[in-house]
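Coordinate inspection notes
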Amino acid sequence: MRRIISLIVLFAAVPCFAQVKPGIEVLRDSGFEGLKGKRVAVLTNPSGVDRNLNSTIDILNDAVDLRAIFAPEHGARGDSYAGDYVASYTDAKTGLPVHSLYGSTRKPTPEMLKGIDIVVYDIQDVGCRSYTFISTLGLMMRACAEQGIELMVLDRPNPLGGLKVEGSYPEEGFYSFVGQYRIPYIYGLTVGELAMLINGEGLNRGQSGKDEPVRCKLRVVKMEGWERWMRFSDTGLPWIITSPNIPYAETAINYPASGLCGEFSGYLNIGIGYTLPFGAFAAEWIDADRLKDRLDSYKVPGTAWKTIHYKPFHGPMAGKMLHGVQFHFTDYEAAKLTLTQFYVMQAVYELYGKTPFGISAGRLGMFNKVCGTNYVSNTFGKTCKVADIEGYWTKDVEDFRELSKKYYIYDTKIEHHENIH
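To start, this report covers the structure provided alongside it. Each residue is numbered by its place in its chain's sequence as written, counting from 1. Reporting in this predicted model follows two pLDDT cut-offs: at least 70 for local features of residues, and 80 or more for side-chain atom pairs to be given and counted; totals over whole chains, interfaces and linings ignore these cut-offs and use all residues. As a rule here, side-chain values come from all non-hydrogen atoms in the structure, and water together with hydrogens is ignored.

1. So, the overall build of the protein
In this description a helix means any DSSP run of H or I spanning at least four residues, a strand means any run of E spanning at least two, and both kinds are numbered starting from the N terminus. Of regular secondary structure, the protein possesses 13 helices and 10 strands. Three labels apply to residues, based on accessible area from a 1.4 Å probe with only protein chains included: buried if under 20% of the type maximum, exposed if over 50%, partly exposed otherwise in between. For the protein, the proportion of its 421 residues judged to be buried stands at 56%. Residue contacts are counted whenever heavy atoms from the two residues lie within 4.5 Å of one another. For the protein, the share of sequence-separated contacts (at least 6 apart) that also reach a separation of at least 24 residues comes to 73%. For the protein, the exposed area adds up to about 17,400 Å²; of that, 51% sits on carbon and sulfur atoms. Methods summary: accessible areas were calculated by the Shrake-Rupley approach with a probe of 1.4 Å, and residue burial reflects only the protein chains presented.

Below is the structure:
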């Protein structure tokens, strides 16, 4: 009896992770259906790997007629830092040309796509509108449509899950490379589902948001085993750094909770340059205990605060002792990720009378682009009260939830569907 109890305890202690199979593995298991006999290009970065960390570039190069590689921000092999322009070059391992889509050219030219029958997209998304990879995807979709080239998306998990939706739609005049589509800031879709929505709803209007919409011939290679409730830690897959400041899956959850505030350099450090990118709010002049007490008094749903003190290794506050708070989501479903930073800014204003809109005005244009509006800066900038913008920020959520359901290819329970749509 004691042995049986011991075995029960042992098995209970072993974490049970789903074994989600990403699109690249499903494609490989299908014998590379849809690519055989075609001239192939791939748009990817270091996050495009199978569970054994084999690169999608190398997998395709060994199996099909791969002709070219396209590189988004940070480069195809991840050797460029955030915001750095990437030059076109030759890939040392495969000898293939690598065309940069984060330099002077962001939309592939007809010359880059010459002789290509199909482009494969395989990049781990973070589920947030301002992350530039989905804008690169849209520009590739647009270029493929214009050239009569098929696009295949190898699907991957949304690390925020498929149920979390937050933020308002961008307004006219605020479409950009960090806000290219009429979708909420957090959209609750996998990148494959998002591509289907962009195509189906005619949202692919280019970076300006003013071009005529186009639709490409789109194929999505569906994952196996993924459910909408899952966050990345539930998938059993390894997290590969998607960009220099998103080193862990948890960072992808923190990114929309602090990244808007982080647009204001010189205001609060959000953990960039330290070991907690997007995971903290701190400055030299903050009393960490007072800030925590004020934030605790708000009783923000699903969110807890802990004091923190650290010195960034690099950046404008490098070597300075900073004081502030680290945040944790204790109830993910109840938490409003994107409002986290606005509660912090409210508390900082109440305690110190400081707002980012006065001391970092030079970054206001980028903040508005990322928000997709100037309503937030105009309204919150006057009062620094979350209550004054919450209604605006949430006004489009239910509309998008209803719209996006048409493009779900994963249900809340695992069901057996065809793998390729």
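The discussion continues.
2. Some points on the environment of D296
The topology assignment puts D296 in helix α7 (residues 288-298). With a relative accessible area of 30%, D296 lands in the partly exposed category. Spatially, the C-alpha atom of D296 lies 9.7 Å from that of K306, the residues being 10 residues apart in sequence. We define a polar contact as two N or O atoms separated by no more than 3.5 Å, with the added condition that, inside protein, one atom must be a possible hydrogen donor and the other a possible acceptor, whereas residues neighbouring each other in sequence contribute only through side-chain atom pairs. Polar side-chain contacts of D296 include one of 2.5 Å to the side chain of K292.

3. Remarks on the pairing of strand β1 (residues 39-44)
Most of β1 sits inside the fold, with five of its six residues counted as buried. Criterion used throughout: strands pair if DSSP finds at least two bridges between them. As paired strands, β1 and strand β2 (residues 65-71) are joined by five bridges and run parallel to one another. Looking across to β2, one finds that V42 is bridged to I69. Here is how to tell: hold the view so the strands point away, follow the path from the first strand over the helix to the second, and if it runs clockwise the crossover is right-handed. Regarding the hand of the β-α-β motif, the stretch spanning β1, helix α3 (residues 56-63) and β2 is right-handed. As paired strands, β1 and strand β5 (residues 118-122) are joined by five bridges and run parallel to one another. Bridging from a neighbouring strand, T44 pairs with D122 of β5.

4. Thoughts on the sheet that holds β1
Read from one edge to the other, the open sheet built from seven strands follows the order β3-β4-β2-β1-β5-β6-β7, with strand pairing classed as mixed. The sheet is open, and its two edges are formed by β3 (89-90) and β7 (217-221), each paired on a single side. Only the stretch in contact is used when fitting a helix axis, every axis being a line fitted to C-alpha atoms; angles between N-to-C directions are given from 0 to 180 degrees. The strands touched by helix α4 (residues 133-147) within the sheet are β1, β2, β5 and β6 (150-154), with β6 carrying the most contacts at an inclination of about 155°.

5. What about the pattern of salt bridges?
Pairs can form between side chains of opposite charge once their charged atoms are near each other. A pair is scored as a salt bridge if a Lys or Arg side-chain nitrogen falls within 4 Å of a carboxyl oxygen belonging to Asp or Glu. Applying the stated criterion to the full structure yields 20 salt bridges. A salt bridge links D58 to K93; the shortest N-O distance between them is 3.0 Å. In this pair, D58 sits in helix α3 while K93 sits in the loop between β3 and β4 (97-100), placing the two residues 35 residues apart along the sequence. Its salt-bridge partner being D296, residue K292 comes within 2.5 Å of it at the nearest N-O pair. A residue pair is termed a helical-turn pair when its members lie 3 or 4 positions apart in one helix, as K292 and D296 do in helix α7 at four residues. Residue classification places K292 among the partly exposed positions, given a relative accessible area of 23%. Beyond isolated ion pairs, a larger network of salt bridges with shared partners links K21, D29 and E224.

6. Focus on the pairing of strand β10 (residues 322-329)
In terms of residue burial, β10 counts as a mostly covered element, since six of its eight residues are buried. Two strands pair when backbone bridges link them, and strand β8 (residues 280-283) and β10 are joined in this way by four bridges, in the antiparallel orientation. Counterpart to A280 in the pairing with β10 is Q326. Pairing of strand β9 (residues 303-310) with β10 involves eight bridges; the strand directions are antiparallel. By the bridge assignment for β10, A304 is matched with H328.

7. Side note on the packing of helix α11 (residues 375-383) against helix α12 (residues 387-394)
The contact between α11 and α12 brings their axes to 9 Å, and the two run at 165°. Overall, the two elements α11 and α12 adopt an arrangement that is roughly antiparallel. Along this stretch, α11 crosses α12, giving a crossing that reads as left-handed. Note on element contacts: α12 touches α11 through D388, I389, Y392 and W393, opposite Y375, V376, T379, F380 and T383. Under this grouping Gly is polar, as are all residues other than the nonpolar Ala, Val, Leu, Ile, Met, Phe, Trp, Tyr, Cys and Pro and the charged Asp, Glu, Lys and Arg. Taken together, the residues of the contact of α11 with α12 break down into six nonpolar, two polar and one charged. The scheme is simple: roughly parallel for angles under 35 degrees, roughly antiparallel for over 145, roughly perpendicular for 65 to 115, oblique for anything else. For any helix crossing, the convention is left-handed if the near helix is rotated counterclockwise from the far helix by under a right angle, and right-handed if that rotation is clockwise.

8. Quick word on the side chain of D155
Of note, D155 is situated in the loop between β6 and α5 (191-200). Positive charges come from Lys and Arg, negative ones from Asp and Glu, while His and the chain ends are left out of the count. Here D155 sits buried without a salt bridge, and the closest side chain of opposite charge, R156, lies 8.0 Å off (N-O distance).

9. A word on the packing of helix α8 (residues 340-352) against α11
A packed helix pair is summarised by two numbers, namely the angle formed by the two axes and the spacing between the axes. Contact pair α8 / α11: the axes reach a minimum separation of 10 Å and the direction vectors enclose 35°. Only V376, F380 and T383 of α11 make contact with α8, whose side of the interface consists of F342, M345, Q346 and Y349. Classifying every residue of the contact of α8 with α11 gives five nonpolar, two polar and no charged.

10. Remarks on α8
Taking 1.5 Å of rise per residue, 13 residues should cover 18 Å, and α8 covers 18 Å from first to last C-alpha, within 8% of that figure. Most of α8 is tucked away, with 10 of its 13 residues classed as buried. Within the sequence span of α8, burial applies to T340, Q341, F342, Y343, V344, M345, Q346, A347, V348 and L351. Looking one or two residues beyond α8, the residue adopting positive phi is G353, at roughly 70°. In a helix, the anticipated span is given by 1.5 Å times the number of residues less one.

11. Some thoughts on the packing of aromatic side chains
Here a pair means two rings of Phe, Tyr or Trp (six-membered ring of Trp) with centres within 6.5 Å. Their orientation is stacked below 30 degrees between planes, edge-to-face above 60, and tilted elsewhere. This structure, assessed with the given rule, holds 20 aromatic pairs. A centroid spacing of 6.1 Å and a plane angle of 35° characterise the contact between Y102 and F177, whose relative ring orientation is tilted. Of the two residues, Y102 sits in the loop between β4 and β5 while F177 sits in the loop between β6 and α5, which places them 75 residues apart along the sequence. Just as Y102 is buried, F177 falls in that class too. When the centroid spacing of 4.8 Å and the interplanar angle of 35° are considered together, the rings of F264 and F367 count as tilted.

Read these as geometric descriptors, not functional statements.
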